[in-house]
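Report on the structure
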Amino acid sequence: MDVTVIVPTRNERGNVAEMVRQLGDALAGRRAEILFVDDSEDGTTAEIERVAQDAPLPVRFIHRAAGQRAGGLGGAVVAGMKAAAADVCVVMDGDLQHPPALVPALVDRHARGDADVVVASRYIGGGDSTGLGTTLRFGVSRAATLLTKAMFPLRLHGTSDPMTGFFLVDRSRVDLEALRPSGFKILLELLVRGDLRTAEVPMRFHQRVEGESKASLRQGITFLVHLARLRFGKMSLFALIGATGAVANIAIVWLLTSLGMGYIWAAIIAAEATIIGNFLLAERFVFADMRGRAAGLRRRFLASFTFNNAEAAIRIPVLALMVESWQISSVLATAITLALAFVGRFVFHSLVVYAPRKPREPGTETAGQRIIRMIDEEAMRPGEL
């Protein structure tokens, strides 16, 4: 086989025949197989057996009984990769929201030889995410994507849709035993734990045809826990610095208001002091590994300082509203607004402040730009902060 299409399923009996038909049409003339990894209790495996009898491609299945479903959907994908007849594995959902007609494009893109993973992305030119349905689901998907990219800015740089469930992976480039899948987002696991070259093709995400979405609050919590487990180091340090800054901020507000200063001015002074302190600590302890590929120190500081002041300009009126209208104490209101600002700060710093610089075209750097770059590089030398 040249390619194995791995389809994890759970109660997708109504989609099996159409999935096999469309994959047969898409992969006609190619040496391919379809491998279902089924966790169902609705007779999906019986339907797979029936459809396989006259399918245009070889169709196999693995049924994972209750108690053998470690890792959820991600664990099903890993089981499929271990059992695949081909090293080139295409992973897709069984609900037909991932268009089978796109599989050849993934395979052809991989055939160029410069990518180990080819992602079917909803968020590049030609892609479409309308199949998510509601505005709420779209917003949750985009927020989760931004948070994930912020937590792994180097590993996921250049990957617009690390949360997709539709992708190609070269099994020979993956240490399957090192994977610890949990829940839906197996692509994230692959990209974070491996040093894999990635490419993307646009995908139009379709509406679900049969069955019900498996997304739930429980799955969302599982995703957040797994995300924290994968990225415990960087985000925990950022959180620790943020918490230290928050304590300092609250202490400054308390001290200045105790001395008779109005809480608005006290909040402004506390914000400026902690913005600078937090930047210096994050620069040294959180993003040290990203400084060499990011913009220079001066630009990083200006971006951080500008964003945090803009955030404070929004946060302080909200603080005033909470104190004046909701009769919350100024200290408690400060603590609440700082907690809400944490995620926004982390996302911005990971994706913007420390984003890798775009390579310059040869001969485009002016003398002034060269001088600025030299100053920035000098400022970035170890031991300066």
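My aim in this report is to walk through the structure given alongside it, one point at a time. All values derive from a computational prediction rather than experimental measurement. Residue positions are given per chain, counting from 1 as you read along its sequence in written order. Side-chain atom pairs in this predicted model are given and counted only at pLDDT of 80 or more, local residue features only at pLDDT of at least 70, and totals for whole chains, interfaces and linings cover all residues. The basis for every side-chain value is the complete set of heavy atoms in the structure, and neither hydrogens nor water enter the calculation.

Labels follow the DSSP assignment, with helices taken as runs of H or I lasting at least four residues and strands as runs of E lasting at least two, numbered in each case from the N terminus. Assigned secondary structure in the chain consists of 12 helices and 7 strands. Split into buried and exposed, the 385 residues of the chain put 46% on the buried side. Pairs at least 24 apart in sequence give 79% of the contacts found in the chain among residues at least 6 apart. Exposure categories follow from relative accessible area, calculated using a 1.4 Å probe and restricted to protein chains: below 20% of the type maximum is buried, above 50% is exposed, and the middle band is partly exposed. The contact rule is simple, with two residues in contact once any of their heavy atoms fall within 4.5 Å.

To continue, consider helix H9 (residues 263–285). Compared with an ideal rise of 1.5 Å per residue, which puts 23 residues at 33 Å, H9 spans 31 Å between its outermost C-alpha atoms and is within 8% of the ideal. Turning to H9, its buried residues are Tyr263, Ala266, Ala267, Ala270, Ala271, Thr274, Ile275, Asn278, Phe279, Ala282 and Glu283. Under the convention used throughout, the expected extent of a helix is 1.5 Å for every residue step, that is, one less than its residue count.

By the criterion of burial, strand S1 (residues 3–9) is predominantly enclosed, with 7 of the 7 residues buried. On S1, burial covers both faces: Val3, Val5, Val7 and Thr9 on one face and Thr4, Ile6 and Pro8 on the other are all buried. Two strands make a pair as long as DSSP finds a minimum of two bridges between them. The pairing of S1 with strand S2 (residues 32–38) spans 7 bridges and is classified as parallel. Of the residues in S2, the one forming a bridge with Val3 is Ala32. Examined bridge by bridge, S1 and strand S4 (residues 88–91) share 3 bridges and lie parallel to one another. Paired with Val5 across the strands is Val90, a residue of S4.

With 12 residues, helix H3 (residues 72–83) extends 17 Å between its outermost C-alpha atoms, agreeing within 8% with the 16 Å of an ideal straight helix rising 1.5 Å per residue. Residues of H3 that are buried include every one of Gly74, Gly75, Ala76, Val77, Val78, Gly80 and Met81, and no others. On its buried side, H3 packs onto S1, S2, S4, strand S6 (167–170) and helix H6 (186–193).

Any carboxyl oxygen of Asp or Glu that lies within 4 Å of a side-chain nitrogen of Lys or Arg is treated as forming a salt bridge with it. Scanning the model with the defined rule gives 19 salt bridges in all. Arg173 is the partner of Asp116 in a salt bridge, and the nearest nitrogen-oxygen pair spans 3.1 Å. You can see Asp116 sitting in the loop between helix H4 (103–110) and strand S5 (117–121) and its partner Arg173 sitting in the loop between S6 and H6, a full 57 residues away along the chain. Residue Arg173 is classed as partly exposed on the basis of its relative accessible area of 43%. Residues participating in the shared-partner salt-bridge network are Glu18, Arg21 and Asp25.

Okay, the packing of helix H1 (residues 16–26) against helix H2 (residues 44–52) next. It is at 9 Å that the axes of H1 and H2 come closest, and there the two elements cross at 40 degrees. Compared by their axis directions, H1 and H2 come out oblique. Crossing of H1 against H2: the hand is right-handed. In this structure, H1 contributes Val16, Ala17 and Val20 to the contact, and H2 contributes Thr44, Glu47, Ile48, Arg50 and Val51. Per-class residue counts for the contact of H1 with H2 are 5 nonpolar, 1 polar and 2 charged. In this description, a line fitted to the C-alpha atoms serves as the axis of each element, helices being fitted only across the stretch in contact, and the angle between N-to-C directions of two axes falls anywhere from 0 to 180 degrees. Each angle gets one of four labels, with under 35 degrees taken as roughly parallel, over 145 as roughly antiparallel, 65 to 115 as roughly perpendicular, and the rest as oblique. Helix crossings are classified by the rotation of the near helix relative to the far one: an anticlockwise turn of less than a right angle makes the crossing left-handed, while a clockwise turn makes it right-handed. Three classes are used: nonpolar for Ala, Val, Leu, Ile, Met, Phe, Trp, Tyr, Cys and Pro, charged for Asp, Glu, Lys and Arg, and polar for all others, with Gly counted as polar.

This paragraph deals with the environment of Val107. Relative to the helices and strands, Val107 resides in helix H4. Taking the relative accessible area as the measure of exposure, Val107 reaches 15% and is therefore buried. Between the C-alpha atoms of Val107 and Val3, which are 104 residues apart in sequence, the distance is 7.9 Å. Filtering out sequence-adjacent residues up to four positions away, Val107 remains in contact with Val3, Arg30, Val90 and Leu168.

Attention now goes to the packing of aromatic side chains. Only the six-membered ring of Trp is used, alongside the rings of Phe and Tyr, when aromatic pairs are assigned; centres must lie within 6.5 Å, and planes under 30 degrees apart are stacked while those over 60 apart are edge-to-face, with the rest tilted. Tallied over the entire structure, the rule returns 6 aromatic pairs. Note on Phe287 and Tyr354: the rings are 4.4 Å apart at their centroids and 15 degrees apart in plane angle, and the pair reads as stacked. Taken as a pair, Phe287 in the loop between H9 and helix H10 (297–324) and Tyr354 in the loop between helix H11 (330–353) and helix H12 (367–379) lie far apart in primary sequence, 67 residues in all. One exposure class covers both Phe287 and Tyr354, and it is buried. With centroids separated by 5.5 Å and ring planes inclined at 25 degrees, the aromatic side chains of Phe301 and Phe305 adopt a geometry described as stacked. Within this pair, Phe301 and its partner Phe305 are both found in helix H10, separated by 4 residues, close to a single helical turn.

The values reported here are purely geometric and, on their own, carry no functional implication.
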